[in-house]
Amino acid sequence: MSSSRAQGGQAAKSSGQPAANAGAGQQVSGDAVLLGIAVAETSNVALLGQEEVIGARIAEKLVNADGGVNGRPVKLLFQDTGGDEIGAINAFQAVINAGVLGIVGPTLSQQAFAADTRADAAGVPVLGPSNTAKGIPQIGKFIGRVSAGVDVVAPLAVEQALKLNPEVKRVAVAFAQNDAFSSSETKIFQATVKKKGLDLTLVQRFQTSDTDFTSQVTNIVGSKPQLVIVSGLAADGGNLVRQLRELGYKGLVIGGNGLNTTNVLPVCGRFCDGILIAQAYSPAVDNPINKRFVEAYNQQTGKQPPQFTAQTFTGVQVFVDALRRLDKTKRLETMDLKTLRSELNSAVLTGTYETPLGQIGFDPEGEIKQQKFYVAQIKMDAGAKSGRFVLTN
Ligand code: 1QQ
């Protein structure tokens, strides 16, 4: 079953009919089960979002190979959000109007705070594949995430840095102040630094649109840190690290979740080497679904899957598993679309799932319950044209 697209802003604007009033009809009966994938396929944020599209496509292939939703094929409706809030709102509206049962997206927390409220108001369940800021599941009853929050993931990178260099005492942090995730993550990093008895010597701010970090890196180097922690997105964060190294900084660097992609490697090149980044996924997770996922990804790319790909795969899988379960108690065709979306939301929240992230479940607010996390370190290959994320634990 091939994927298709909602009709962009057009569908969002032209539909006068509230989606919640439509019948289930073609969304399920003998036809495909529709799910929306609204992530950043374009803009700077596509450095992160591209990996999510791949995860969704692999999930579509594997769930359909397993019979879809009890015989009904699953069809993903892709809608590009671009990198900003308005793009996310429009993409959400387009897939909602097209009748999807649930949405996996958007890419950024900054976008989620804007777009998720629309889905929640329309009664459409959302699973955030990469929305890690504090407060995401609390946006509303229909909002959950398969991306563990910064509070549980970020501190692990600091612990790993201290293992690599127990001498670390002086720490500087920098963060993108116009991005909700980066502002949330830096708070956790700063609290962790203090909790560990380290000295937070400097806090520097930047914008995700910045390309020149001269003043920030000059101030950072001047504060003589032994560890620098960067919370930004791939383009800006990668550039900051490069400029920091170019100015001669030799100590440890932690990158936050916004740098968690090999797409950062062309940005910082050889200067990416050694960056520590906490992970919510390991390709080594030992269960059948992860093995199939890793194999499918590897066949396509020759590489191991990255975190955002695994999380987006998981978002689709959770919706499909929940629909399969729901269908066994109440046949999907017997419900109108509004009821079906609401029942799907309840089913998602009450299930447990064996996924590439390991076994997961949700708390009543939609926060993921996940057992294991990891820390990777970037190793650039000789020549620094390519590199890998190597797990340290
Ligand atoms: C968020 C994130 C992003 C940096 C992941 C793509 O974690 O916005 O919450």
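All values derive from a computational prediction rather than experimental measurement. (Residues numbered from 1 in each chain as written. Predicted model: local features only at pLDDT ≥ 70, side-chain atom pairs only at ≥ 80, totals over all residues. Heavy atoms only, no water.)

A.B. asks: How should the overall build of the chain be read in this particular structure?
C.D. replies: For the chain, the count of helices and strands is 12 helices and 16 strands. In summary, the chain has a C-alpha radius of gyration of 21 Å against a globular reference of 21 Å for 393 residues, a match within 12%. Projected onto its principal axes, the C-alpha coordinates of the chain cover approximately 65 × 40 × 40 Å. Within the chain, buried positions represent 60% of all 393 residues. In the chain, the share of contacts with a sequence separation of at least 24, taken over all contacts with a separation of at least 6, comes to 70%. Here the chain carries 38 positive and 34 negative side-chain charges, and the mean point of each set is 3 Å from the other. (Helix = DSSP H or I, 4+ residues; strand = E, 2+ residues; numbered from the N terminus. Rg over C-alpha atoms; globule rule 2.2 N^0.38 Å. Buried < 20%, exposed > 50% of the residue type's maximum accessible area, 1.4 Å probe, protein only. Contact = heavy atoms within 4.5 Å. Lys, Arg positive; Asp, Glu negative; His and termini not counted. Charge placed at Lys NZ, Arg CZ, Asp CG, Glu CD.)

A.B. asks: Would you take a moment to explain the nonpolar core for this structure?
C.D. replies: The nonpolar side chains of a soluble globular protein tend to be buried with one another. I229, I254, V316, V348 and F362 are the most contacted members of the largest nonpolar core, which totals 68 residues. Counting residues per element, this core draws most heavily on helix 11 (residues 307–329), at nine residues. Two domains share this core, each providing at least three of its residues, namely domain 1 (4–148 + 286–362) and domain 2 (151–279 + 374–391). Residues in contact with V316, not counting those within four places in the same chain, are L35, I37, A56, A59, L76 and V104. By size, the runner-up hydrophobic cluster in this structure holds 25 residues, among which are F206, L259, I275 and I277. (Core = buried A, V, L, I, M, F, W, Y, C linked by side-chain atoms within 4.5 Å. Domains from an automatic or database assignment.)

A.B. asks: Even after reading the chapter, I still don't get the environment of G99, so can you show me in this structure?
C.D. replies: Topologically, G99 is positioned in the loop between helix 3 (85–97) and strand 4 (103–104). Counting along the chain gives 63 residues from G99 to G36, while the straight-line C-alpha distance between them is 8.8 Å.

A.B. asks: How do you make sense of the domain arrangement of the chain when you look at a structure like this?
C.D. replies: Interfaces are often described in size by the accessible area the parts lose on coming together. The assigned domain composition of the chain is domain 1 (4–148 + 286–362) and domain 2 (151–279 + 374–391). Computed from C-alpha atoms alone, the centre-to-centre distance between domain 1 and domain 2 is 30 Å. Each partner contributes to the interface: domain 1 provides 16 residues, whereas domain 2 provides 18 residues. Among the residues of domain 1 in contact with domain 2, L47, Q110 and Q307 are the three that bury the most area, contributing 34% of the side total. Inspection of the region where domain 1 meets domain 2 yields zero salt bridges. Our count for the domain 1 to domain 2 interface comes out at seven residue pairs in polar contact (both at pLDDT 80 or more). Those elements giving two or more residues to the side of domain 1 that touches domain 2 turn out to be helix 2 (46–65), helix 4 (109–122) and helix 11. With four residues, helix 2 is the largest single contributor of residues to the side of domain 1 that touches domain 2. The residue makeup of the side of domain 1 that touches domain 2, split by class, is eight nonpolar, six polar and two charged. (Buried area = accessible area lost by both parts, 1.4 Å probe. Salt bridge = Lys/Arg side-chain N within 4 Å of Asp/Glu carboxyl O. Polar contact = N/O pair within 3.5 Å; in protein donor to acceptor, adjacent residues only side chain to side chain. Nonpolar A, V, L, I, M, F, W, Y, C, P; charged D, E, K, R; others polar.)

A.B. asks: What's the story with the state of the cysteines in this structure? I'm lost.
C.D. replies: Among covalent bonds in proteins, the disulfide is the one between the sulfur atoms of two cysteines. Across all of its chains, the model carries one disulfide by this definition. A sulfur-sulfur distance of 2.1 Å marks the disulfide that ties C268 to C272. Between C268 and C272 the disulfide shows an S-S torsion of about 105°. By sign, it is right-handed. With respect to class, C268 is no different from C272; both count as buried. (Disulfide = S-S within 2.5 Å.)

A.B. asks: Got a minute to help me understand the site of the ligand in this structure?
C.D. replies: S109, S130, T132, F181 and N257 are the nearest of the 13 residues found near the ligand. Between the ligand and S109 there is a distance of 2.5 Å, counted from an oxygen atom to a side-chain nitrogen or oxygen. In this structure, an oxygen atom belonging to the ligand sits 3.3 Å away from a main-chain N or O atom of S130. For the ligand, whose free accessible area comes to 280 Å², the fraction covered by protein is 100%. The cavity that encloses the ligand is the second largest cavity. Looking at the shell around the ligand residue by residue, the class counts come to six nonpolar, seven polar and no charged. Two domains each donate at least three residues to the shell around the ligand, and these are domain 1 (4–148 + 286–362) and domain 2 (151–279 + 374–391). (Near = heavy atom within 4 Å. Areas by Shrake-Rupley, 256 points an atom, 1.4 Å probe, with all protein chains shown as cover. 1 Å grid on protein atoms, 1.4 Å probe; cavity = no way out; pocket = protein on both sides within 12 Å on 5 of 7 lines; lining within 4 Å. Sits in = over half its atoms within 2 Å of the grid points.)

A.B. asks: Would you explain the sheet that holds strand 13 (residues 358–362) in this entry?
C.D. replies: Strand-to-strand pairing in sheets goes through backbone hydrogen bonds, with the strands running parallel or antiparallel. What the three strands build is an open sheet, ordered 12-13-14; its pairing is antiparallel. Every interior strand has two partners, whereas the edge strands, strand 12 (353–355) and strand 14 (368–370), have only one. Averaged over all pairs of adjacent strands, the angle between their axes in this sheet comes to 35°, without regard to strand direction. Relative to strand 14, strand 13 runs antiparallel, the two sharing three bridges. Paired with I360 across the two strands is Q370, which belongs to strand 14. (Pairing = 2+ DSSP bridges. Axes fitted to C-alpha atoms, helices over the stretch in contact; angles between N-to-C directions.)

A.B. asks: Just to check I follow, could you spell out the pairing of strand 7 (residues 170–176) for this structure?
C.D. replies: Residues in a regular strand point their side chains to alternate faces of the sheet. With six of seven residues buried, strand 7 is to be regarded as a mostly interior element. Where strand 7 lies against strand 8 (residues 199–206), seven bridges are found, and the strand directions are parallel. Paired with A176 across the two strands is F206, which belongs to strand 8. Handedness of the crossover joining strand 7 and strand 8 through helix 6 (residues 180–195) is recorded here as right-handed. Summarising the sheet, strand 7 and strand 9 (residues 227–231) pair through five bridges and their orientation is parallel. Pairing of A172 across the sheet is with V228, part of strand 9. (Right-handed = clockwise from strand over helix to strand, strands pointing away.)

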